[in-house]
Amino acid sequence: MSEVSVRKQVSERFTYDWISPSLVTVVLGSLAVLVVSTLAQVSFGTYQLTLGEAWRTVLDPSVIFSVRAWETFLLGRSLPAEFGRQTLVVWNIRLPRILVGVLVGANLAVSGAIFQAITRNELASPYILGISQGAGLVIIVVLMFFPAMASALPILASIGGAVAFVLVYAIAWKSGASPVRLVLAGVIVGTVFGSVQSGLFFFIDDLATVMSARTWMAGSLIGKDWEQVRLALPFTTLALGLALLISRQLNVLLLGEDTAKSLGMSIEKVRFGASAIGILCASAAISVAGLVGFVGLIVPHMVRNLVGSDYKPLLIGCVFVGPALLVSADVGARLALNPTQLPVGVITGLVGGPYFLYLMRQKTNLGEI
């Protein structure tokens, strides 16, 4: 992206030129994948439904337009007695899992895109930079020793992620933080925090707690319900809204410090403010789904290749592609070895690892954007 184009973007505050045919295609394609994945997720399981039954139950007007139903879902009140078994299975068990996948996928994808702009490093993601492990360490401590504080998990996870990011930046800093040094520092911090997480298991006596924590560390949507939706939704709405508001600043950061300063930007304030938003996105996802890897790395790459480097359409594309990828991966995790269910992090790892190798093989200047 040239400096002239950025200057034009900064001066034109109310333009819709960023809406391109490629962005519309990405959004519609992602929605199509999400709808197909939703129908598959709703239809198959111990309680089988045909696609027609699944579609009718998801679009049941007696649920969609029921104030009591939404009070149940969003406020945690008791279920209305008139709901039938099919409605309960779909709306109280299967749809919440899909909605959690949507929130987690959007958060991780946007977080990865933000950190790639901040570091000017296409290898950056919450997982690679150690932020996921920092947030995860705080969450696992809370779940094991302070379960009464579970309602504050996104905030507590944000603190852990922020500490991890500060450590990464401090380790990488040497007259600046180069892309390669940031990645290496992230690996160091992530490894240390991951080792501490593993060590905590020796202090747990309850086998069920150990297995639950292991599943959480792998990244899973198994057993998610409306409680997790209620936990993640407010923080997701706030973080994604703020991310879109700083899209122009992220574009300027990509041009480098000298150009950003010439445009009047306070680089460190913008960098740390954007980091806070990225950490909040990642923490909201980790607090309900655990350590789901590679989504924050591969989704921004996929969207950037399709819509370009302008951060407003890039972030909007991530909001749609991230959920489509994660929900479809969860369908595979749930149905591949039916009746055994895999953590969705296993599937994203199997997809993300080869994609990471592809990037290494295809790009000679891997690192800087």
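Residues numbered from 1 in each chain as written. Predicted model: local features only at pLDDT ≥ 70, side-chain atom pairs only at ≥ 80, totals over all residues. Heavy atoms only, no water.

An unreviewed UniProt entry lists the chain under the name Cobalamin import system permease protein BtuC, with Halorubrum trapanicum as the source organism. What UniProt records for the chain under Subcellular location (unreviewed entry) is the sentence "Cell membrane". Listed in UniProt under the heading Sequence similarities (unreviewed entry), the comment for the chain reads: "Belongs to the binding-protein-dependent transport system permease family. FecCD subfamily." (UniProt positions renumbered as here; feature names shortened; annotations may be inferred.)

### Observations regarding the packing of helix α16 (residues 311-335) against helix α17 (residues 344-362)
Closest axis-to-axis distance for the α16/α17 pair is 8 Å, and the angle between their directions is 110°. Regarding the angle of α16 to α17, the classification is roughly perpendicular. In the packing of α16 onto α17, the handedness of the crossing is right-handed. Residues L326, A329, D330 and A333 of α16 pack against V344, I347 and T348 of α17. Residues that form the contact of α16 with α17 fall into these classes: five nonpolar, one polar and one charged. (Axes fitted to C-alpha atoms, helices over the stretch in contact; angles between N-to-C directions. Helix = DSSP H or I, 4+ residues; strand = E, 2+ residues; numbered from the N terminus. Parallel < 35°, antiparallel > 145°, perpendicular 65-115°, else oblique. Left-handed = near helix turned anticlockwise from the far one by under 90°. Contact = heavy atoms within 4.5 Å. Nonpolar A, V, L, I, M, F, W, Y, C, P; charged D, E, K, R; others polar.)

### A word on unusual backbone geometry
Its identity is not glycine, yet F294 carries a phi of approximately 75°, on the positive side. Within the fold, F294 resides in the loop between α14 (267-289) and α15 (295-307). A relative accessible area of 23% means that F294 is categorised as partly exposed. (Buried < 20%, exposed > 50% of the residue type's maximum accessible area, 1.4 Å probe, protein only.)

### Observations concerning the environment of L88
Among the structural elements, L88 can be located in helix α6 (residues 85-119). Under the relative-accessibility criterion, L88 is labelled partly exposed at 28%. Residues L88 and T57, 31 residues apart in the sequence, show an inter-C-alpha distance of 9.7 Å.

### Observations regarding the packing of aromatic side chains
Scanning the entire structure with this criterion turns up nine aromatic pairs. With 6.1 Å between their ring centres and 50° between their planes, Y169 and F272 make a pair best called tilted. Residue Y169 is found in helix α8 (residues 153-172), and its partner F272 is found in helix α14; the two are separated by 103 residues along the sequence. The class for F272 is partly exposed, based on a relative accessible area of 41%. Through a chain of ring-to-ring contacts, three or more aromatic side chains come together here, namely F115, F165, Y169, W173 and F272. (Phe/Tyr/Trp six-rings, centres within 6.5 Å; stacked < 30°, edge-to-face > 60°.)

### Thoughts on the state of the cysteines
Under the defined criterion, the tally for this structure stands at zero disulfides. Cysteine C281 shares no disulfide, and the gap to the nearest cysteine sulfur, in C318, comes to 10 Å. According to the relative accessible area criterion, C318 is buried, its value standing at 0%. (Disulfide = S-S within 2.5 Å.)

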